[in-house]
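Architecture at a glance
For reference, the chains in residue letters:
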Amino acid sequence: MNQPCVIYDSARACGPSPDRRPRTRYISQQLRQMLDAALELLFPPRCAGCQRVDTVWCEECQCLLDALPFPERQVGVRGHLAAFASSGDHEGLLRKALLALKYENTPQLAGPLGARLATLVEGLQWEADFLVPVPLHPARERERGYNQTQLIGQSLAQKIAVPLADDALYRTSNTRAQVGLTRQQRKDNVSKAFVARTDQVQGRDLLLVDDVYTTGATLGECALVLAEAGARSVFGLTLTQAVSPANHGGGTTEWM
Ligand SMILES: [Zn+2]
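So, here is what we can say about the structure in this document.

Conventions and cut-offs
- Residues numbered from 1 in each chain as written.
- Predicted model: local features only at pLDDT ≥ 70, side-chain atom pairs only at ≥ 80, totals over all residues.
- Heavy atoms only, no water.
- Helix = DSSP H or I, 4+ residues; strand = E, 2+ residues; numbered from the N terminus.
- Buried < 20%, exposed > 50% of the residue type's maximum accessible area, 1.4 Å probe, protein only.
- Contact = heavy atoms within 4.5 Å.
- Donors = N, O, S within 2.8 Å, 3.2 Å for Na, K, Ca; no water.
- Tetrahedral: all angles 85-135°; square planar, octahedral: opposite > 155°, others 65-115°.

Attention now moves to the side chain of Thr 149. Assignment of secondary structure puts Thr 149 in helix H6 (residues 148-160). On the basis of relative accessible area, Thr 149 is assigned to the buried category, the value being 2%. Residues in contact with Thr 149, not counting those within four places in the same chain, are Pro 133, Val 134, Val 209, Asp 210 and Asp 211.

Within the protein, Cys 47 (SG), Cys 50 (SG), Cys 58 (SG) and Cys 61 (SG) serve as the donor atoms for the zinc ion, at 2.2 to 2.3 Å. For the zinc ion, the 4 donor atoms in the first shell make angles of 104 to 116° at the metal, so the coordination geometry reads as tetrahedral. Between consecutive donor residues of the zinc ion, the sequence gaps follow C-x2-C-x7-C-x2-C. A residue pair is termed long-range when its members are at least 10 positions apart, and Cys 47 in the loop between helix H1 (21-42) and helix H2 (59-67) and Cys 61 in helix H2 qualify at 14 residues.

Excluding glycine, most residues fall at negative phi; most peptide bonds, likewise, are trans. Phi at Asp 54 takes a positive value of approximately 95°, unusual for a residue other than glycine. Looking at where Asp 54 falls in the secondary structure, it is placed in the loop between H1 and H2. One non-glycine residue, Gln 125, lies in positive phi territory at about 55°. Note on placement: Gln 125 falls in the loop between helix H4 (110-122) and strand S3 (130-133). Given the relative accessible area of 70%, Gln 125 is considered exposed.

From the geometry alone we can't say anything about function, so treat these as descriptive.
Laid out in structure tokens, this is it:
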């Protein structure tokens, strides 16, 4: 059933051969393109911000995003982080764009979101040798097709010309999603979930990037692991920060 030659050459014996593979690949690419075109006709892309048809992110929403101020109160030392900043509250347009990137298979949104972080970082004057995105467990990444934080990190790295060290930190356990957990449960959930590569982080100043700051459990654990591996300093940066009771001493969060 999966023998590729059956599609276009049923008269010949089946089985992959070196001279058939390129043609098979070409045909499957054509089929994929046709399927994509048909799906786009049936289900046209919609803007993540305003639901306008035919684009995943429209110019008007980009203008609104550009006009959104950065919250100064979110900058400061937190736990193992030398400093922390977020580009906005986890609500409205930012939240819509991030959720679409995360759950609606729209990796294109990493571009404008990374650009927003770049504008924020340029005003902070942090010095970093490498940018480190918070990793997903490989199984979760396979399921989603990409790591949204890594894509945002790639976009940011290009714009601020700081190299991305996307394998400096990796996830060893596939923890459950943090949604709906209390502060302590979140902390326990990510405890010992990450490992840092000492040769990549020792003596370095690092800019750790994540999508959302809720209780700080994930960023805090990553910063601890990076510090234990010899990082000189770790700055924390997220696209959004939840405004919830969880940031003020307890409770659950339903923000995601
Ligand atoms: Zn829009």
